[in-house]
Amino acid sequence: MLVSVYRYNPETDNAPYMQDIELEVPAGKDLMVLDILNLLKEKDPSLAYRRSCREGVCGSDGLNMNGKNGLGCITPMSEVVKKDKLVIRPLPGLPVIRDLVVDMTLFYQQYEKVQPYLINDQPAPAIERLQSPEDREKLDGLYECILCACCSTSCPSFWWNPEKFIGPAGLIQAYRFLADSRDQAQAERLANLDDPFSVFRCRGIMNCVSVCPKGLNPTKAIGHIRNLLLQRAT
Amino acid sequence: MAVSSITNLGRSGAYDWMVQRVTAYVLALYTLFLLGFLLFTDVDYASWGALFHQTWFRIFSLMALISMGAHAWVGLWTVTTDYVKATAPRFLIQALCGTAMFVYVVWGVQILWGH
């Protein structure tokens, strides 16, 4: 199989380039893309990429594989390899630190903006803040996000305005706290989202939905936020 | 912290969003009406003139014209903020779009009520 990997070492390379490597893949096994990277690293230890849990939980190995973002560790070859060729690039739209490792600062700055924590000034009860099963259910499909950045880096609105548009990952978290019955800061949260960029730069193209390795739907969450903003203002 | 912006139509994203939707409905209605008129009326100078002679149609036309201006401003503002990164050219293009929008609306009023 031919594997084409994006390589860039700012200390030695003038510009990024694609390195083509012919790789012997063990027969009869449907390896994950992360396994392929591990095989490549045995050949060339200078290849840099992030990985940790190797089971789709930590969100470290977000990559662009044959043009589509996903987690290398849970994406089988059979799903992405086309015509015996695999092209691996870093997540698009973020600055590359080295090879497949990107600088996630902009992504985290947008995440930070939505205040991704419970805001409740009431004195904490002795045991815990209770929530009805129905209210708890409202958080399903929101809290599971692992912040791998596959969605935001597949979003053209985030590519063009990464410092202004919060992006699908940040917005699904924003709605996770807007929808939480225990949170008391809904008004302030919405006031911070009402500008023309933070939420409304979403044009609903749903790349985020198509790439999310956890099967979440950020576009739907953004729709809910938009409805809250419209209700608040009409 | 909310992102600040002073060149979009309203100060809020929700406002721009609402304007874009409402004006879209007005433009769709106007387009459908004109299509129907062209299909089911024998169009000549007399019938066309009679249509534009009626006050309700002049009001409808002006509403469509203003909707077009607002709709185009929200849309083109979005396109320029996506694709034109340098402030000076972006502001210049936005100023040109705004001027065109204003000229069309005033010119339209003149056409509709000038004679």
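If you're wondering where the values come from, they're calculated on a predicted model, not measured in any experiment.

Q: Describe the environment of Phe197 of chain A, and please don't skip the residues or the numbers.
A: Assignment of secondary structure puts Phe197 of chain A in the loop between helix H7 (186–191) and helix H8 (207–211). Distance from Phe197 of chain A to Glu163 of chain A, taken between C-alpha atoms, is 9.6 Å for residues 34 residues apart in sequence. If we ignore the near neighbours within four places in the chain, the residues touching Phe197 of chain A are Asn161, Lys164 and Phe165 of chain A together with Val3, Ser5, Trp77 and Thr81 of chain B.

Q: Before we move on, can you summarise helix H1 (residues 33–43) of chain A with the specific residues and values?
A: Residue and element names in this part refer to chain A. When we look at burial in H1, the residues that qualify are Val33, Leu34, Ile36, Leu37 and Leu40. Buried residues of H1, seen end-on, are gathered within an arc of 155 degrees and therefore sit on one face of the element. Close packing links the buried residues of H1 with strand S1 (2–7), strand S2 (17–22), strand S3 (62–65), helix H2 (77–80) and strand S5 (85–89).

Q: Describe the sheet that holds S1 of chain A, listing the residues and the values that go with them.
A: Strand pairing in a sheet relies on backbone hydrogen bonds, with the paired strands running either antiparallel or parallel. Residues and elements named next belong to chain A. Strand order in this open sheet of 5 strands is S2-S1-S5-S3-S4, and the pairing throughout is mixed. Single-partner strands in this sheet number two, and they are S2 and strand S4 (68–71). Averaged over neighbouring strand pairs, the angle between their axes works out to 30 degrees when direction is ignored. Across 6 bridges, the pairing between S1 and S2 is antiparallel. Counterpart to Val3 in the pairing with S2 is Ile21. Helix-sheet contacts for H1 involve S1, S2, S3 and S5, and the interaxial angle to S5 is about 85 degrees.

Q: Any details on the confidence of the model for chain A? Residues and values, ideally.
A: Across chain A, the average pLDDT comes to 95, with 100% of residues at or above 70. Averaged over each element, pLDDT in chain A is lowest for H2 of chain A (94) and highest for strand S7 (residues 101–102) of chain A (98).

Calculation notes
- Residues numbered from 1 in each chain as written.
- Chains lettered and ligands numbered in written order.
- Predicted model: local features only at pLDDT ≥ 70, side-chain atom pairs only at ≥ 80, totals over all residues.
- Heavy atoms only, no water.
- Helix = DSSP H or I, 4+ residues; strand = E, 2+ residues; numbered from the N terminus.
- Contact = heavy atoms within 4.5 Å.
- Buried < 20%, exposed > 50% of the residue type's maximum accessible area, 1.4 Å probe, protein only.
- Arc of directions from axis to C-beta.
- Pairing = 2+ DSSP bridges.
- Axes fitted to C-alpha atoms, helices over the stretch in contact; angles between N-to-C directions.
- pLDDT = per-residue confidence, 0-100.

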